[in-house]
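A look at the structure
So the chains spell out like this:
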Amino acid sequence: MAVKLEKSWKTLLKDEFDKPYFADLAKFVKEEYKNGAVYPLPRFIFNALDSVPVDKVKVVILGQDPYHGPGQAHGLSFSVPDGVPLPPSLVNIYKELEADLGKKRTTSGNLEPWAKQGVLLLNATLTVRAHQAGSHQNKGWELFTDAIIHRLAEKKEHLVFILWGNYAQRKGAFIDTGRHLVIKSAHPSPLSAHNGFFGSRPFSQTNHYLEAHDQAPIDW
């Protein structure tokens, strides 16, 4: 199946596109876009991968679903385009960033500058029906994003995987902590942030690890 995707990811994932589940997934997603509002816009479905070539990935931040409100999702987990109000989870991410590194909070929720430095902002499910959280779960996206995480973990060394919440932690349970740093905490959602997300210091932990392995830190 022909999929428009950044070249290095297309090479890494080429086997996935020929599997029956991916054909079923592609058919489902096309029908969903025909039948009503689906986010993100089609050109942003693979934005996380298109933004960071395989050899540039240093950090993986794993989300669950794209935002399902108009204008919010643009293919990067936890991120929203410039000018869109900050979602509650992102507000808490910025609070923790300020507490961790003293970085003043910005009014923009666009995390593209992180992606440009090697942060793969990957959702487990890459599309969603408008106003219906979880509506595209269990259609095949999880198999595809599992393959991404598995291949990165197998082919690279000294990555940082940031797993916020139980869902992300289950998805990343196989990662070899001898080869990579795995940072786990509660999810930044207002429902759980006070149960271990605040005070977890993921940003400084990431940078200390990268520097210890001769990699440039992220300018969060």
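The structure this text deals with has already been given above.
This text gives an overview of the structure that appears in the document. Nothing here was measured: the structure is a model prediction, and the numbers come from that model.

Comments concerning the pattern of salt bridges
Evaluated as defined, the whole model comprises nine salt bridges. Between K19 and E16 there is a salt bridge; the shortest N-O distance is 2.8 Å. By relative accessible area, which is 34% here, K19 ends up partly exposed. Of the residues examined, E16 reaches a relative accessible area of 4% and is grouped as buried.

Focus on the layout of surface pockets
The space that makes up the largest pocket amounts to roughly 570 Å³. If you go around the largest pocket, you meet 31 residues; those closest to its centre are Q64, D65, Y67, S89 and H187. At the level of secondary structure, the elements contributing two or more residues to the lining of the largest pocket comprise strand 2 (59-63), helix 4 (88-101) and helix 7 (165-171). For the lining of the largest pocket, the per-class residue count stands at 13 nonpolar, 17 polar and one charged.

Thoughts on the nonpolar core
With 69 residues, the main nonpolar core has W9, L13, F46, I61, W114, L120 and F144 as its most contacted residues. Looking at this core, the element that brings in the most residues is helix 6 (residues 141-155), giving seven residues. If sequence neighbours within four positions are ignored, L120 has contacts with W9, A48, L49, V52, V57, V59, V60, I61, I148 and L152.

A word on the sheet that holds strand 5 (residues 160-164)
Across the sheet, which stays open at both edges, the four strands sit in the order 3-2-5-6 with parallel pairing between neighbours. Strand pairing shows two members of the sheet lacking a second neighbour, strand 3 (119-123) and strand 6 (181-185), which therefore form its edges. When the angles between neighbouring strand axes are averaged without regard to direction, this sheet yields 20°. With five bridges joining them, strand 5 and strand 6 adopt parallel strand pairing. Within strand 6, the position partnered with V160 by the bridge is L181. Contacts from helix 6 reach strand 2, strand 3 and strand 5 within the one sheet, and its direction differs from that of strand 3 by about 150°.

Some thoughts on the environment of P70
Inspection of the secondary structure puts P70 in the loop between strand 2 and helix 4. Each C-alpha atom of the pair P70 and K58 lies 31 Å from the other, and the pair is twelve residues apart in sequence. Once you skip the residues sitting within four places of it in the chain, P70 turns out to touch Y39 and H131.

Considering the environment of D100
Tracing the chain through its elements places D100 in helix 4. For the pair formed by D100 and F203, sequence separation is 103 residues and the distance between their alpha carbons is 6.8 Å. With sequence-adjacent residues up to four places away left out, D100 is seen in contact with R201, P202, F203 and S204.

So, the environment of Y209
Relative to the elements of secondary structure, Y209 occurs in helix 8 (residues 202-212). Sequence-wise, Y209 and K7 are 202 residues apart; in three dimensions their C-alpha atoms are separated by 28 Å. In contact with Y209, other than residues within four places in its own chain, are H158, L159, V160, R179, H180 and L181.

Regarding the packing of helix 2 (residues 20-35) against helix 6
Put simply, helix 2 and helix 6 touch, their axes get as near as 9 Å, and they point 125° apart. Classified by the angle their axes make, helix 2 and helix 6 are oblique. Here the hand of the crossing between helix 2 and helix 6 comes out left-handed. Mapping the contact onto sequence places Y21, F22, L25 and V29 in helix 2 and W141, L143 and F144 in helix 6. Residues belonging to the contact of helix 2 with helix 6 are distributed by class as follows: seven nonpolar, no polar and no charged.

Reading the values: rules and limits
- Per chain, residue numbering runs from 1 following the sequence as it is written.
- Two thresholds apply to this predicted model, a pLDDT of at least 70 for residue-level local features and 80 or more for giving and counting side-chain atom pairs, whereas whole-chain, interface and lining totals are computed over all residues.
- Hydrogens and water are ignored here; the side-chain numbers use all heavy atoms of the structure.
- For this analysis, a salt bridge means a side-chain nitrogen from Lys or Arg found within 4 Å of a carboxyl oxygen belonging to Asp or Glu.
- Accessible area is worked out with a 1.4 Å probe on protein chains only. A residue is then buried under 20% of its type maximum, exposed over 50%, and partly exposed in between.
- In the cavity and pocket records, a cavity denotes points on a 1 Å grid over the protein atoms alone where a 1.4 Å probe fits but cannot get out, a pocket denotes an open set with protein on both sides within 12 Å along at least 5 of 7 lines, and lining residues are residues with an atom within 4 Å of a point.
- Grid points are joined across faces, edges and corners, and a volume is the space filled by probe spheres set on the points.
- Only DSSP runs of H or I covering at least 4 residues are called helices, and only runs of E covering at least 2 are called strands; the numbering of each starts at the N terminus.
- Under the scheme applied here, ten amino acids are nonpolar (Ala, Val, Leu, Ile, Met, Phe, Trp, Tyr, Cys and Pro), four are charged (Asp, Glu, Lys and Arg), and all others, including Gly, are polar.
- Only buried residues count toward a nonpolar core. Its members are Ala, Val, Leu, Ile, Met, Phe, Trp, Tyr and Cys residues joined through side-chain atoms within 4.5 Å.
- For this analysis, residues touch if any pair of their heavy atoms sits within 4.5 Å.
- Note on pairing: two strands pair once DSSP finds at least 2 bridges between them.
- Whenever a helix is involved, its axis is fitted only over the stretch in contact; in every case the axis is a line through C-alpha atoms, and angles between N-to-C directions fall within 0 to 180 degrees.
- Orientation categories follow fixed angle ranges, with anything under 35 degrees roughly parallel, anything over 145 roughly antiparallel, 65 to 115 roughly perpendicular, and all other angles oblique.
- Each crossing gets its handedness from the near helix: less than a right angle anticlockwise from the far helix is left-handed, clockwise is right-handed.

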